[in-house]
Amino acid sequence: MLGFVLLVRARDDADSTMRIGITVSKKVGNAVVRNRMKRRFRALAREVLPAAGIPGADHVLIGRNGGIERDYADLKAELAKALARLR
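Owing to the predicted nature of the structure, the values given are computational and were not obtained by experimental measurement.

Scoring rules and cut-offs
Residues numbered from 1 in each chain as written. Predicted model: local features only at pLDDT ≥ 70, side-chain atom pairs only at ≥ 80, totals over all residues. Heavy atoms only, no water. Helix = DSSP H or I, 4+ residues; strand = E, 2+ residues; numbered from the N terminus. Rg over C-alpha atoms; globule rule 2.2 N^0.38 Å. Salt bridge = Lys/Arg side-chain N within 4 Å of Asp/Glu carboxyl O. Buried < 20%, exposed > 50% of the residue type's maximum accessible area, 1.4 Å probe, protein only. Pairing = 2+ DSSP bridges. Axes fitted to C-alpha atoms, helices over the stretch in contact; angles between N-to-C directions. Contact = heavy atoms within 4.5 Å.

(A) Representation of the overall build of the protein chain in the model. Summing up its helical and strand segments, the protein chain has two helices and three strands in all. Ordering the α and β elements of the protein chain from the N terminus gives β-β-α-β-α. For 87 residues, the compact-globule formula gives about 12 Å, and the C-alpha radius of gyration of the protein chain, at 13 Å, lands near that figure. Principal axes of the C-alpha set define a box for the protein chain whose edges measure 40 × 20 × 20 Å.

Here it is, written out as structure tokens:
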């Protein structure tokens, strides 16, 4: 099971910047767990999106239950693979 769901939507405007949105629901855990997961997702986005993201699109990461226990390297590989599949 993946630690996140990735949604990507092209904005269809002249701006080629990539935007990121991160959401983690209360079902995942308490505030400490949710904030920790969001920090991990922001770090992932800083590393992976510049090279593998889709220019001019909005990228949304939705945290799932198993995401906080997953190894950071596994999450990074999964995000890169998901973005490659979308390209």
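(B) Examining the environment of Asp 15 more closely. Position of Asp 15 relative to the elements: it lies in the loop between strand 1 (4–10) and strand 2 (19–23). C-alpha separation for the pair Asp 15 and Pro 55, spaced 40 residues apart in sequence, amounts to 8.5 Å.

(C) Here's a closer look at the pattern of salt bridges. This model, assessed by the stated rule, comprises six salt bridges. Linking Arg 11 and Asp 15 is a salt bridge whose minimum nitrogen-to-oxygen distance equals 3.8 Å. Here the salt bridges share partners, and the residues they tie into one network are Arg 11, Asp 13, Asp 15, Arg 19 and Asp 58.

(D) Region of interest: unusual backbone geometry. The phi angle at Asp 12 is positive, at roughly 55°, despite the residue not being glycine. Structurally, Asp 12 is set in the loop between strand 1 and strand 2. The class of Asp 12 is exposed, set by a relative accessible area of 72%.

(E) Broad picture of the environment of Asn 35. One can find Asn 35 in helix 1 (residues 31–52). Look at Asn 35 and you get partly exposed, because its relative accessible area is 35%. Sequence separation between Asn 35 and Phe 4 is 31 residues; the distance between their C-alpha atoms is 14 Å.

(F) Summary view of the sheet that holds strand 1. One open sheet holds the three strands; their spatial order is 1-3-2, and the pairing between them is mixed. Single-partner strands in this sheet number two, and they are strand 1 and strand 2. Going from strand to strand, the sheet's axes swing by 15° on average, the running direction of each strand aside. As paired strands, strand 2 and strand 3 (residues 57–63) are joined by five bridges and run parallel to one another. Among the inter-strand pairings, Ile 20 is bridged to a residue of strand 3, identified as His 59. Most of the contacts of helix 2 (residues 72–86) go to strand 1, to which it runs at about 35°, and overall it touches strand 1 and strand 3.

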